[in-house]
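Coordinates in review
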Amino acid sequence: MPKRVSGSYYASAADTLAPAQSLRNGSTLVSPGQIFELGFFSPGESKKYYLGIWYKRLTDTVVWVGNRENPVIDSHAFLNISSTGYLLIFDGQNTMIWSPNSSRSANNPVAQLLDSGNLVVKDGDTDEDTESYLWESSDFPSDTKLAGMKLGRNLKTGFLLRDGMKERFRVGPWNGISFSGLPVQVSPLIVHVVVANTEEVYHTYEVTDKSVITRFTLNESGLLERLVLYENTSEWTNLFTLQNDMCDDYARCGPNGVCKINQRPICECLEGFVPRSEREWRVLNWTGGCVRSTPLDCRKRQGFLQIENVKFPDLLDFKLDERLNLEYCRAECLKNCSCTAYAKSNHNESGCLMWFGALVDIREFVAEQFEQNIYVRLPASELGKYKKL
């Protein structure tokens, strides 16, 4: 549980910090609705101090840490905001320990803790809107995604969890109602929102019941959890955890392989493909994946095989055309000899995804979860063994 040093408070329930003021260790800012609190804390028995944001009613649930790589090593930490709008953390020797980059300066800057849990720096002379923010803590998340927080990196390829440089888990691209690598989960508590325009592409979510607190967090094991705190309770309820099983491991079955959790062994090659190395496949080493049993020859007749109820492959080399329906998508893929597969990108009838090269990170879902099909290009000689499409 984070511990805090007692001391005189900068101001009772203040939510803003101006250049002439300091927020010292033991003092806090509190959001206007008394939902979030900002101050310095030490995790566990540590004697290092961090600037953090936590729920006011749950002081041990820290949702954001500012100077996580640059802790203050004495108990005299304090936070200032410069006359041009830069946040600054100092230690007891008045040595600057941490300062985030700001996009631009302001004539009358102020830092404010919002009820969303977002710490913002804005120009006090401008109207209250998000365009006036010079800096936002939500642009630099720690291990928690709060309601209203935008997450836009790799949205078209789906959110990706990494362990260092190694990919661990991918939820798949957005299909209009959910991320296509996850079973559809209808919840009355959360509304997912995806915004894509010429200026920004991001995912966020909104909570429909204000009596419920919910957050997504990445735990110490690297698993993504969705937690809910119901009214009049003090214990978080875990609604789900990702990864669910071994088939959620990124590229578990290698290129052109498909993971099927309900069978043993769990990996097999896509129809029309064979293991790259039979010897490795026999000892359950699937990392090499699969290759075509018959190479593609665009001078000969080809077609597509429908693979049902799967998580779409990673968009490593792809093309998206939201204007095309499935029939035209097939025709476009067939025109390009490098196109290896296609699928409907949206839950409705519009949208075309085409893949080029190896198909990586495919898993099978059980039929009752949802229907999501991909069409893999095969020579006519191979199609004769399977259902033609």
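As a reminder, the structure under discussion sits directly above these lines.
Residues numbered from 1 in each chain as written. Predicted model: local features only at pLDDT ≥ 70, side-chain atom pairs only at ≥ 80, totals over all residues. Heavy atoms only, no water.

Remarks on the overall build of the chain
Within the chain, the regular secondary structure consists of 3 helices and 30 strands. Looking at the chain alone, contacts between residues at least 24 apart form 52% of all its contacts between residues at least 6 apart. When the accessible surface of the chain is totalled, it reaches about 19,700 Å², and 49% of it is carbon and sulfur. (Helix = DSSP H or I, 4+ residues; strand = E, 2+ residues; numbered from the N terminus. Contact = heavy atoms within 4.5 Å. Areas by Shrake-Rupley, 256 points an atom, 1.4 Å probe, with all protein chains shown as cover.)

Focus: empty space enclosed by the protein
In this structure the tally under the stated criterion is 1 cavity of 30 Å³ or more. Looking at the largest cavity, its volume works out to about 40 Å³. Surrounding the largest cavity, Cys247, Asp249, Ala251, Arg252, Cys253, Gly254, Gly257, Cys259, Asp361, Ile362 and Arg363 form its lining. Of the residues belonging to the lining of the largest cavity, the class tally is 5 nonpolar, 2 polar and 4 charged. (1 Å grid on protein atoms, 1.4 Å probe; cavity = no way out; pocket = protein on both sides within 12 Å on 5 of 7 lines; lining within 4 Å. Points joined across faces, edges and corners; volume = space filled by probe spheres on them. Nonpolar A, V, L, I, M, F, W, Y, C, P; charged D, E, K, R; others polar.)

A short note on the sheet that holds strand β11 (residues 119-123)
The 4 strands lie next to each other as β1-β10-β11-β12, forming an open sheet whose pairing is antiparallel. Sheet topology places β1 (16-17) and β12 (133-136) at the edges, where each strand pairs with a single neighbour. Direction of pairing for β1 relative to strand β10 (residues 109-113): antiparallel, over a ladder of 2 bridges. Looking at β10, one finds that Leu17 is bridged to Ala111. (Pairing = 2+ DSSP bridges.)

Focus on the state of the cysteines
Counted according to the given criterion, the structure contains 6 disulfides. What pairs with Cys269 in a disulfide is Cys290, and their sulfur atoms sit 2.1 Å apart. Between Cys269 and Cys290, the disulfide has an S-S torsion of -85° and is therefore left-handed. Here Cys290 lies in strand β24 (residues 290-292) and Cys269 lies in strand β22 (residues 267-269), a separation of 21 residues in the sequence. Judged on exposure class, the residue Cys269 and its partner Cys290 are both buried. One disulfide bridge connects Cys298 with Cys337, the sulfur atoms lying 1.4 Å from each other. Looking along the S-S bond of the Cys298-Cys337 disulfide, the torsion reads about 95°, which is the right-handed sense. Taken as a pair, Cys298 in the loop between β24 and β25 (302-307) and Cys337 in the loop between α2 (326-335) and β27 (339-344) lie far apart in primary sequence, 39 residues in all. Indicated for the chain is the disulfide connectivity 1-3, 2-4, 5-6, 7-10, 8-12, 9-11, based on numbering the bonded cysteines in sequence order. (Disulfide = S-S within 2.5 Å. Buried < 20%, exposed > 50% of the residue type's maximum accessible area, 1.4 Å probe, protein only.)

Points about the nonpolar core
Leu38, Leu51, Ile53, Tyr55, Leu79, Leu87 and Leu119 are the most contacted members of the largest nonpolar core, which has 33 residues in total. Those residues in contact with Leu119 that sit more than four places away from it in its chain are Leu38, Ile53, Leu87, Ala111, Gln112, Leu113, Trp135, Glu136 and Ser137. Counting residues in hydrophobic clusters, the runner-up holds 28 residues, among them Val258, Phe273, Val310 and Leu315. (Core = buried A, V, L, I, M, F, W, Y, C linked by side-chain atoms within 4.5 Å.)

A look at unusual backbone geometry
Here the amide bond leading from Arg264 into Pro265 is cis, since omega sits at -5°, within 30 degrees of zero. Here Pro265 shows up in the loop between β21 (257-259) and β22. A positive phi is found at Leu284, a non-glycine position, where the angle reads about 65°. Structurally, the position occupied by Leu284 is in the loop between α1 (278-282) and β24.

Brief notes about the pattern of salt bridges
Any two side chains of opposite charge can pair, given that their charged atoms come close. Enumeration over the complete set of coordinates arrives at 8 salt bridges. Notably, a salt bridge pairs Lys260 with Glu268, separated by 2.7 Å at the nearest N-O pair. Classification of Lys260 by relative accessible area gives buried; the value is 18%. The exposure class of Glu268 is partly exposed, given its relative accessible area of 26%. As a salt-bridge pair, Arg323 and Asp321 come within 2.8 Å of each other at their nearest N and O atoms. Here Arg323 falls in the exposed class, since its relative accessible area comes to 72%. Overall, Asp321 belongs to the buried group, its relative accessible area being 10%. A single salt-bridge network, built from bridges that share partners, covers Lys260, Glu268 and Glu364. (Salt bridge = Lys/Arg side-chain N within 4 Å of Asp/Glu carboxyl O.)

Re the layout of surface pockets
Of the pockets and cavities examined, the second largest pocket occupies roughly 540 Å³. Those elements that provide at least two residues to the lining of the second largest pocket are β17 (201-207) and β18 (213-218). Examining the composition of the lining of the second largest pocket, we find that 5 residues originate from one element, β17, more than from any other.

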